[in-house]
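Residues per chain are reported as follows:
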Amino acid sequence: MEEIRVLLVDDEPGIRDMIKEYMAGGGYEPDEAGDGLKALEMLEVKKYDIVVLDIMMPGMDGWSVAKGIRKTSDIPIIMLSARGEEYDKLLGFDMGIDDYMVKPFSPKELLARIRALTARRRREVISSGRRLEFKSLVIDLDGRKVMNSSEALQLTPKEFELLSFLAENPGKAFTRDHILSAVWGYDFEGDDRTVDTHIKQLRERLGESRKMIVTVWGTGYKFDPEVGS
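Residues numbered from 1 in each chain as written. Predicted model: local features only at pLDDT ≥ 70, side-chain atom pairs only at ≥ 80, totals over all residues. Heavy atoms only, no water.

Quick look at helix α4 (residues 86–95) now. Regarding α4, the residues found buried are D88, K89, L90, G92, F93 and M95. Where α4 is buried, its residues meet α3 (62–70), β5 (99–102), α6 (157–167) and α8 (193–206). Directly after α4, the chain includes G96, whose backbone phi takes a positive value near 105 degrees. (Buried < 20%, exposed > 50% of the residue type's maximum accessible area, 1.4 Å probe, protein only. Helix = DSSP H or I, 4+ residues; strand = E, 2+ residues; numbered from the N terminus. Contact = heavy atoms within 4.5 Å.)

What follows is about the nonpolar core. Judged by nonpolar contacts, the single largest core of 27 residues is most densely connected at I139, L163, L166, I179 and F223. Broken down by element, the residue count for this core peaks at six residues, all from α6. Those residues in contact with I139 that lie beyond four places of it in its chain are R130, R131, L132, F134, K145, V146, F160, L163, S164 and A167. Among the nonpolar cores identified, the runner-up in size contains 21 residues, and V9, I75, I77 and M79 belong to it. (Core = buried A, V, L, I, M, F, W, Y, C linked by side-chain atoms within 4.5 Å.)

To continue, consider the pattern of salt bridges. Throughout the structure, instances matching the rule amount to 21 salt bridges. When the shortest N-O distance is used, the salt bridge between D10 and K103 registers 3.1 Å. Of the two residues, D10 sits in the loop between β1 (4–9) and α1 (13–23) while K103 sits in the loop between β5 and α5 (107–122), which places them 93 residues apart along the sequence. For D10, a relative accessible area of 2% puts it in the buried group. Ionic pairing is found between E109 and R113, a salt bridge with its closest N-O pair at 2.4 Å. Residue E109 and its partner R113 are located together in helix α5, separated by four residues, close to a single helical turn. According to the relative accessible area criterion, R113 is buried, its value standing at 3%. What you see here is one network of salt bridges that share partners, running through D10, E12, D54 and K103. (Salt bridge = Lys/Arg side-chain N within 4 Å of Asp/Glu carboxyl O.)

The residues that UniProt annotates with the feature "modified residue: 4-aspartylphosphate" (unreviewed entry) are D54. Summarising the element assignment, D54 is placed in strand β3 (residues 50–54). On the basis of relative accessibility, which here comes to 3%, the residue D54 falls in the buried class. Discounting chain neighbours no more than four positions away, the residues touching D54 are V9, D10, D11, G62, L80, S81 and K103. (UniProt positions renumbered as here; feature names shortened; annotations may be inferred.)

So, in structure tokens, the structure goes:
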């Protein structure tokens, strides 16, 4: 099995060493950078499968690094932060990061998220021109494009996967745990507000079509194109 090439970016050597210790012998090929500039330099010369990126670093912080990465690559990014406020998570997701973990975190859970994101990334997609059309909203599943009233929407990778999952199952209500498992690819332990945060962000991008994403009280969410009529 091909090893997962991971770039660990954190100014704390202890954090990097802890993660590498858990990765040892588990099918990972970790490299490390102690600052943001070094990380961007390493990304220019080597191909990685995923970046684990700390936010609070001297010099170039994680936000700036993420912006730099997204200018040229859609490589999966997991953000690490001691801050767990919704604002910080929304900012990260708006930049296009794929996941967000609050320190202190479980190294085993981090590895589970890394495996899930890279497995989804490596999965072959068979192009068949699949499209979902709901009045003004058109989702090109294979081209990973979304049009709303003939306007192209700029969605993050995770927002697209969330919208696609719900839209492929119209009228069916899903719990947050089910959505986490289906879209993120792992059994989530902890704060399930990750789904709520992404739904909020997605609704803001969809404009009038946001009505199609319906909150099912006591359960979770569903996609109902008739509500958007």
